[in-house]
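Chain by chain, the residues:
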Amino acid sequence: MVNTTHDILQVLRQQLLPVQDITFLSDRLEGQQPDARKSAVLLVLFERDDTLFLTFIRRASTLRAHSGEIAFPGGGVESVDFSPVATALREAEEEIGLNAANIEILGALYPVFTVVSNYLIMPIVAFLPDGLGELQLQKSEVDEVILVPLQGLLDPAIAHTEEWTRNGMTRTIYFYDYASYRIWGATARILSMLLEILVAA
């Protein structure tokens, strides 16, 4: 397994999908789920004190859907967005005040469809070479920014899966319990794809 930030970033640059491919893949999935709503999330990596962190948010407890859950910054595609990257960056700026001026887009992960909320999610992975910077939370949507060392998420002891059946279909649900936080659902599924790349390397 790779350990240094330089090596991790090199692996991700090589193994992630080119961002232009994710639109094609999501269009294929949308054909299977024609009523799905398209969205994009941003997996923000940055280094602090020689440690690589991944950025999560805790959704506001006042939201009607998925309130209080751990997620990546992101949201629905809007008419002003010319690409999934544009959606992810716009939503990250709106939700946490992320300054994307010097951001490096490393690539994309495979789209994820959520059965319950009917979203087709396009995950974009990015690195902030100058650090996270000063954030400004949109309190109506975000209660907290959670910064987790990537190495901590690679600990197999914090991960497990469960088989859930809905409408006659059984699916594998991923869970990561880090400190007092439970990461699960679509966010955990996306996280598992990222971690699998690093473990394989």
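Use the structure listed above.
Since the structure is predicted, the reported quantities are computational estimates derived from the model, not experimental observations.

Asks: Help me understand the sheet that holds strand β9 (residues 159-166), please; the structure alone is not making it clear to me.
Replies: Hydrogen bonds along the backbone pair up the strands of a sheet, which may run parallel or antiparallel. Pairing is antiparallel across the open sheet formed by three strands, whose spatial order is β9-β10-β11. Each of the sheet's edge strands pairs with one partner strand only, and the pair in question is β9 and β11 (181-184). Ignoring which end each strand starts from, the neighbouring axes of this sheet average 30° apart. Relative to β11, strand β10 (residues 169-178) runs antiparallel, the two sharing four bridges.

Asks: I tried to follow the pattern of salt bridges on my own but got confused; where do I start?
Replies: Between side chains of opposite charge, a pair can form when the charged atoms approach closely. According to the stated counting rule, one finds eight salt bridges in the structure shown. A salt bridge links Arg 13 to Glu 104; its shortest N-O distance comes to 2.7 Å. Of the two residues, Arg 13 is situated in helix α1 (residues 5-15) and Glu 104 in strand β5 (residues 104-108); the sequence distance between them amounts to 91 residues. When its relative accessible area of 36% is taken as the criterion, Arg 13 is described as partly exposed. For Glu 104, a relative accessible area of 26% translates into the label partly exposed.

Asks: Explain helix α5 (residues 185-200) to me, please; I cannot follow it from the model alone.
Replies: Residues lying three or four places apart along an α-helix face the same way, a consequence of the helix completing one turn every 3.6 residues. Helix length check: α5, at 16 residues, gives a terminal C-alpha distance of 23 Å against a target of 22 Å (1.5 Å per residue), a fit within 8%. Within α5, the full set of buried residues consists of Ala 186, Thr 187, Ala 188, Ile 190, Leu 191, Ser 192, Met 193, Leu 194, Leu 195, Ile 197 and Leu 198.

Asks: Would you explain the nonpolar core in this entry?
Replies: In globular proteins that are soluble, nonpolar side chains generally tend to be buried together. Core analysis: the biggest nonpolar cluster contains 36 residues, and Leu 12, Leu 54, Phe 56, Leu 150 and Leu 153 have the highest contact counts within it. Taken together, the elements giving at least two residues each to this core come down to α1, β1 (37-48), β2 (51-59), β7 (119-128), β8 (142-149), α4 (150-153) and α5.

Asks: I would appreciate a short explanation of the side chain of Glu 91 in the present structure.
Replies: By the element assignment, Glu 91 lies in helix α3 (residues 84-96). In this structure Glu 91 comes out as buried when scored by relative accessible area, which is 8%.

Asks: What is the right way to read α3 from this model?
Replies: Between its first and last C-alpha atoms α3 spans 18 Å; for 13 residues at 1.5 Å apiece the expected length is 18 Å, and the two agree. A large share of α3 lies buried, amounting to 10 of its 13 residues. Of the residues making up α3, those classed as buried are Pro 84, Val 85, Ala 86, Thr 87, Ala 88, Arg 90, Glu 91, Ala 92, Glu 95 and Ile 96. Positive backbone phi, at 70°, marks Gly 97, one or two positions downstream of α3.

Asks: In this structure, what is going on with the packing of aromatic side chains? I would like to understand it.
Replies: Aromatic rings considered in pairs are described by the distance between their centres and by the relative angle of their planes. Using the criterion set out here, one finds five aromatic pairs in the structure. Ring centres of Phe 46 and Phe 53 lie 5.5 Å apart, and the angle between their planes is 15°; this geometry places the pair in the stacked category. Assigned by exposure class, Phe 46 and Phe 53 land together as buried. Through pairs of rings, three or more aromatic residues link up here, namely Trp 164, Phe 175 and Trp 184. Here the guanidinium or amino end of Arg 37 rests over the ring plane of Tyr 119, the centre of that ring lying 4.2 Å away. We note Arg 48 situated over the ring of Phe 53; from NZ or CZ to the ring centre the distance is 6.0 Å.

Asks: Quick question: what am I supposed to make of unusual backbone geometry here?
Replies: Generally, phi is negative for residues other than glycine and the peptide bonds are trans, each holding for most cases. Positive phi, normally seen in glycine, also occurs at Asp 50, with a value near 65°. Within the secondary structure, Asp 50 sits in the loop between β1 and β2. Backbone geometry places Ala 179, a non-glycine residue, at a positive phi of 50°. Relative to the elements of secondary structure, Ala 179 occurs in the loop between β10 and β11.

Calculation rules
Numbering of residues begins from 1 in every chain and follows the order in which that chain's sequence is written. In keeping with the model being predicted, local features are shown solely for residues with a pLDDT of at least 70 and side-chain atom pairs are shown and tallied solely at 80 or more, while totals for entire chains, interfaces and linings include all residues. Side-chain numbers come from the whole structure's heavy atoms, not from hydrogens or water. Here the rule is simple: two strands pair whenever DSSP picks up at least two bridges between them. By definition, any uninterrupted DSSP run of H or I lasting at least four residues is a helix, any uninterrupted run of E lasting at least two residues is a strand, and each is numbered from the N terminus. Only the contacting stretch of a helix is used when fitting its axis, a line to C-alpha atoms as for every element, and angles between N-to-C directions run 0 to 180 degrees. We define a salt bridge as a contact between a side-chain nitrogen of Lys or Arg and a carboxyl oxygen of Asp or Glu at a distance within 4 Å. Three labels apply to residues, based on accessible area from a 1.4 Å probe with only protein chains included: buried if under 20% of the type maximum, exposed if over 50%, partly exposed otherwise in between. Expected span of a helix, by definition, is 1.5 Å for each gap between consecutive residues, and there is one gap fewer than residues. Take the buried Ala, Val, Leu, Ile, Met, Phe, Trp, Tyr and Cys residues and link them wherever side-chain atoms come within 4.5 Å; each set so joined is a nonpolar core. Between 30 and 60 degrees the pair is tilted, below 30 it is stacked and above 60 it is edge-to-face, where a pair is any two Phe, Tyr or Trp rings, Trp via its six-membered ring, whose centres lie within 6.5 Å. Each ring is checked for a lysine NZ or an arginine CZ that lies within 6 Å of its centre and within 35 degrees of its normal; such an atom marks a charge sitting over the ring.

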